[in-house]
Amino acid sequence: MTDSSTTASSVKTGKKGLLRKRIGHFLLWFFIIIIALVLALAGGAWWWISQPQSLAQIIQLAQRYLPAGQQLQATDVNGSLRAGGHIGQLRYSTPAITVDVDNATIGWSLDKVWDRDLQFGTVHIARLTLTPSGVEQPKEPTQPLEQLTLPLHKLVVPFAVDEIVWAAEQPVTVTGLQGRYEYSASQHQLQIAQVQAFNGNYQAQITLGGLAPMPLTAELQAHIDQPASEQLPAMQADAKASVTGDLAGADASLRVQAQVNPRIGAAAPAADKKPSATQQQSAQALAKAPPMQANVDATVYPWKPWPLGPTQATLQSINLGAFLPQLPTTLLNGKIAVAEAKADALAQAQAAHAVPTLAPPADGAPPAPALLPVPLDIAVDITNALPGPINQQRLPVTAVTVNALFDGQRADVLSGSSVQLGDGRLQAEGAYRLADHHLAVQAVLSAINPALADTRLDSAPLSGTVQATSAQDAIDFDVNIRATPAPVAQKAKKPAAKGSISLPIDRIEAKGRWQAPVLQLSTLQ
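Bear in mind the structure is a predicted one, so any value in this text is a computation, not a measurement.

(A) Quick look at the pattern of salt bridges. Applying the stated criterion to the full structure yields 10 salt bridges. Ionic pairing is found between Asp 412 and Arg 410, a salt bridge with its closest N-O pair at 2.6 Å. One salt bridge connects Arg 513 with Asp 476, and the closest N-O pair in it is separated by 2.7 Å. Within this pair, whereas Arg 513 is found in strand β26 (residues 507-515), its partner Asp 476 is found in strand β24 (residues 474-483), the two being separated by 37 residues in sequence. One salt-bridge network, held together by shared partners, links Arg 482, Arg 507 and Glu 509.

This is how it looks when you write it as structure tokens:
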């Protein structure tokens, strides 16, 4: 009995061992086949991405998976996914913008891609055209960045674009863009070696940390060499700017410092006509003025609806017409200061400009976001040493003095704020609340001569008061303006300009309400 039991047990043990061996062999061959298939697929994929048609095929594949409303089209595509290639024309369009790429050459190396290291050869584009659709698109609120990292250890992209065109209603062309982008150790680095636009050459070096607090350092340099024309004088200018700070989080702040030192020459004389008396006067005043320069030191809140914080800016002999022919010829001097407002000054201003209490938000409605981390005290004191009428490419304002407070929800213009036109002056004060667009303003006109704004207007100087209040879409106004007759002898000395429009104003008294498209008047004289 014992021998029989032992023999039976040995047989069962042998069968189990044989079964385990067969299962082991089966699993071994199964994994060998799986590995072989994976290697075959990897080898096939590696072979496929090296084929000269693979770049075109992957673009065709991407076309099928774009979100609704987006399109991707490409022609004359040659090259592989493994080494890059050439794209004759590529168009990517969304409801907001169309991007056209002409003659793009792209190259890269995948030798270290398994180590998450991707390096491009120079990405060269002959022409890049950006065409906005002009259709207003719903805007999503901008969300603050918390971090900006890539799933790579290293990425290097040198690039060059011969021409970039912003094909909007007023087109802008930028040429000769050359630079290099590198991502390494969770840090972004962008270097713009050169780019030409607006008769200038620009360079930039930008470093941004990918992880919070995302420290940002940027240095920008510019040299402008604008030749003389009939509209604009010759100008050479060196400008530099720096940006430092942290970019992560809703309370991020950046410090921006900039200096501009232009050197202005003379405008080119017209070949077929003499300069007008106004042009000669402008040229003489510009020649005698101190050198043009501007300095700005500002705090910027990139994720706040109102981005400008404490700021100091000084202007000396700034001629706006030297930068764009559409702007008037000026000689601006003065300062702009934006500082943190004191609580008592803010309380006094808001008490002086009482406005109706704002209705509380509906149940469940979120409170209005804070526009500013601190309230601002804004002071503007600028003079214009070359005033003149608008129809002679001048700015009629002689001086501007503004004192205002802004707490992020309402702006208060304080008493003493004024705009001077020649011997006349416009003084104003009031308040404006953003939430319901409530406006309350009072203005006093003192001997304002309309001819100083436009020589085609012939009128005696105007004095009086204007009051206006508004809420939502309605404006209530009360206007009381009277003309100050000029002496008869002065009228005889200075006849009305040719083509002028006579404004025989004795007085204007009007009181009513404007709510588009309806105008209601209770008083009109």
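(B) The arrangement of the packing of aromatic side chains in detail. All told, the structure shown has 2 aromatic pairs when counted by the stated rule. Considering the side-chain rings of Trp 108 and Phe 120, the 5.5 Å spacing of their centres and the 70° angle between planes classify their relative orientation as edge-to-face. Separated by 12 residues along the polypeptide, Trp 108 in strand β3 (residues 97-109) and Phe 120 in strand β4 (residues 117-120) bring together distant segments of the chain. For the ring pair Trp 306 and Phe 406, a centre distance of 4.9 Å and an interplane angle of 65° mean the geometry is edge-to-face. Pair noted here: Trp 306 is in the loop between β13 (293-300) and β14 (308-318) and Phe 406 is in strand β17 (residues 399-406), with a separation of 100 residues, a long-range link.

(C) Quick peek at the pairing of strand β16 (residues 376-384). In β16, alternate side chains face the same way, and those of Leu 376, Ile 378, Val 380, Ile 382 and Asn 384 are buried while those of Asp 377, Ala 379, Asp 381 and Thr 383 on the opposite face are not. By the bridge criterion, 9 bridges tie strand β15 (residues 332-340) to β16 in an arrangement that is antiparallel. Its bridge partner being in β16, Glu 340 is matched across the sheet by Leu 376. Two strands pair when backbone bridges link them, and β16 and β17 are joined in this way by 8 bridges, in the antiparallel orientation. Across the sheet, Asp 377 pairs through a bridge with Leu 405, a residue of β17.

(D) Representation of unusual backbone geometry within the structure. Between Ala 212 and the following residue, Pro 213, the backbone shows a cis peptide bond with an omega angle of 10°. Inspection of the secondary structure assignment puts Pro 213 in the loop between β9 (200-209) and β10 (215-226). Here the residue pair Ala 516 and Pro 517 is connected by a cis peptide bond, since its omega of 0° sits within 30 degrees of zero. With respect to the secondary-structure elements, Pro 517 resides in the loop between β26 and β27 (518-524). If you check the backbone angles, Met 214 has positive phi at about 55° while not being a glycine.

(E) Expanded view of a nonpolar patch on the surface. Residues Ile 475, Trp 514, Leu 519 and Leu 521 make up a contiguous nonpolar surface patch of roughly 350 Å² in combined accessible area. As for its position among the elements, Ile 475 is in strand β24.

What counts as what
- Residues numbered from 1 in each chain as written.
- Predicted model: local features only at pLDDT ≥ 70, side-chain atom pairs only at ≥ 80, totals over all residues.
- Heavy atoms only, no water.
- Salt bridge = Lys/Arg side-chain N within 4 Å of Asp/Glu carboxyl O.
- Helix = DSSP H or I, 4+ residues; strand = E, 2+ residues; numbered from the N terminus.
- Phe/Tyr/Trp six-rings, centres within 6.5 Å; stacked < 30°, edge-to-face > 60°.
- Buried < 20%, exposed > 50% of the residue type's maximum accessible area, 1.4 Å probe, protein only.
- Pairing = 2+ DSSP bridges.
- Patch = residues over 30% accessible without salt bridge, like charges linked within 9 Å, V, L, I, M, F, W, Y side chains within 5 Å.
- Areas by Shrake-Rupley, 256 points an atom, 1.4 Å probe, with all protein chains shown as cover.

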